[in-house]
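Here is what each chain is made of, one letter per residue.
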Amino acid sequence: MATIKVKQTKSRIGAPKDQKLTLDALGLTKMHRVVEHEDTPAIRGLIRKVRHLVTVVE
């Protein structure tokens, strides 16, 4: 299956707790870290929730 790379581009400081937990679920704990996940609808939903804090790296 295809993979997707996600990079945290903005700080989690000041974000609501549910968005911080979403970043943790994606494996993003620090700025400019890149993680790779399977491209599933569940992962796409997590990315959509914090789309203002992350970018998708192709």
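Residues numbered from 1 in each chain as written. Predicted model: local features only at pLDDT ≥ 70, side-chain atom pairs only at ≥ 80, totals over all residues. Heavy atoms only, no water.

Topologically, H37 is positioned in strand β2 (residues 34-38). Polar contacts involving the side chain of H37 include one to the main-chain carbonyl oxygen of L26, which spans 2.7 Å. (Helix = DSSP H or I, 4+ residues; strand = E, 2+ residues; numbered from the N terminus. Polar contact = N/O pair within 3.5 Å; in protein donor to acceptor, adjacent residues only side chain to side chain.)

Moving on: the pairing of strand β1 (residues 3-8). Note on strand geometry: in a regular strand, side chains alternate between the two faces of the sheet. Burial along β1 is one-sided: the face carrying I4, V6 and Q8 is buried and the face carrying T3, K5 and K7 is not. When β1 meets β2, the two strands line up antiparallel, connected through 5 bridges. In the sheet register, T3 faces β2, and the bridge partner there is E38. When β1 meets strand β3 (residues 54-57), the two strands line up antiparallel, connected through 4 bridges. Among the inter-strand pairings, Q8 is bridged to a residue of β3, identified as V54. (Buried < 20%, exposed > 50% of the residue type's maximum accessible area, 1.4 Å probe, protein only. Pairing = 2+ DSSP bridges.)

The 3 strands are arranged β2-β1-β3 in an open sheet whose pairing can be described as antiparallel. Because the sheet does not close on itself, it has two edges, and the strands there are β2 and β3. Strand-to-strand twist across the sheet, computed as the mean angle between neighbouring axes with direction ignored, equals 35°. Against the sheet, helix α2 (residues 41-49) engages β1, β2 and β3, with an angle of about 20° to β1. (Axes fitted to C-alpha atoms, helices over the stretch in contact; angles between N-to-C directions. Contact = heavy atoms within 4.5 Å.)

Next up on the list: the nonpolar core. I4, V6, A15, L23, L26, L28, V35, I43, I47, V50, L53 and V54 together form the largest nonpolar core, which totals 12 residues. Of all the elements in the fold, those that place two or more residues in this core are β1, α1 (17-26) and α2. For L26, the residues in contact, after removing those within four places along its chain, are V35, H37, I43, L46, I47 and V50. (Core = buried A, V, L, I, M, F, W, Y, C linked by side-chain atoms within 4.5 Å.)

The next thing to look at is the packing of α1 against α2. In the contact formed by α1 and α2, the axes pass within 9 Å of each other and the chain directions differ by 140°. Here α2 runs oblique to α1, going by the angle between their axes. The way α1 lies across α2 gives a crossing that is left-handed. Contacts from D18, Q19, T22, A25 and L26 of α1 reach α2 at I43, L46, I47 and K49. Looking at the contact of α1 with α2, its residues break down into 5 nonpolar, 2 polar and 2 charged. (Parallel < 35°, antiparallel > 145°, perpendicular 65-115°, else oblique. Left-handed = near helix turned anticlockwise from the far one by under 90°. Nonpolar A, V, L, I, M, F, W, Y, C, P; charged D, E, K, R; others polar.)

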